[in-house]
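# Inside the fold
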Amino acid sequence: MNGKYGLFVGGVALSMGLTSCDQTTHSVTVDLPTKIDFSDGFQQSDADAILKECNAENIELKIGDTGEITFEPSINADYDASVCVLEYVKKSGTTKFGFVGNEKHVTPEEGQ
């Protein structure tokens, strides 16, 4: 069929061409002004230093009991501060990272 497929719906034949799309990624990098030492693992003191360094007033970065890191920006979190925090987390080399979404900020009109 030369890359085209037909579909018959309610007495009407529709012709559709197949198209492939390349996956697009976007990378954002920032220069990190302060070196934070992760040699003893990622500690809550590191998280606090990162938040301060990135001026991330509306972002929570917490370390759980088993060492997992959770990142939770508020609905008003600054984009650049978020990128800065995430760059530090990336540089730490941690593999236990969770992004807490902001679905709790959905209004009843928007639905769940």
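Please refer to the structure higher up on the page.
Bear in mind that the values here come from a model prediction, so they are computed numbers and not experimental data.

### As for the environment of Phe 99
- Mapped onto the elements, Phe 99 comes out in strand β5 (residues 97-99).
- For Phe 99, a relative accessible area of 52% gives the class exposed.
- Taking the C-alpha atoms as reference points, Phe 99 and Ile 69, 30 residues apart in sequence, are found 8.6 Å from one another.
- Once you skip the residues sitting within four places of it in the chain, Phe 99 turns out to touch Phe 71 and Pro 73.

### Quick word on the pattern of salt bridges
- This structure, assessed with the given rule, holds one salt bridge.
- Across the pair Lys 62 and Glu 60 runs a salt bridge whose closest N-O atoms are separated by 3.4 Å.
- Relative accessible area serves as the criterion here: at 45%, Lys 62 is assigned to the partly exposed category.

### Some details on the nonpolar core
- Phe 42, Ile 50, Cys 54, Ala 56, Ile 59, Leu 61 and Val 85 are the most contacted members of the largest nonpolar core, which totals 17 residues.
- Secondary structure elements with two or more residues in this core: α1 (44-53), β3 (59-63), β4 (69-73) and α2 (79-92).
- By residue number, the principal contributor to this core is α2, which donates five residues.
- If we skip the residues at most four places from it in the chain, Ile 50 touches Ile 36, Phe 38, Phe 42, Leu 61, Val 85 and Tyr 88.

Parameters and conventions
Residues numbered from 1 in each chain as written. Predicted model: local features only at pLDDT ≥ 70, side-chain atom pairs only at ≥ 80, totals over all residues. Heavy atoms only, no water. Helix = DSSP H or I, 4+ residues; strand = E, 2+ residues; numbered from the N terminus. Buried < 20%, exposed > 50% of the residue type's maximum accessible area, 1.4 Å probe, protein only. Contact = heavy atoms within 4.5 Å. Salt bridge = Lys/Arg side-chain N within 4 Å of Asp/Glu carboxyl O. Core = buried A, V, L, I, M, F, W, Y, C linked by side-chain atoms within 4.5 Å.

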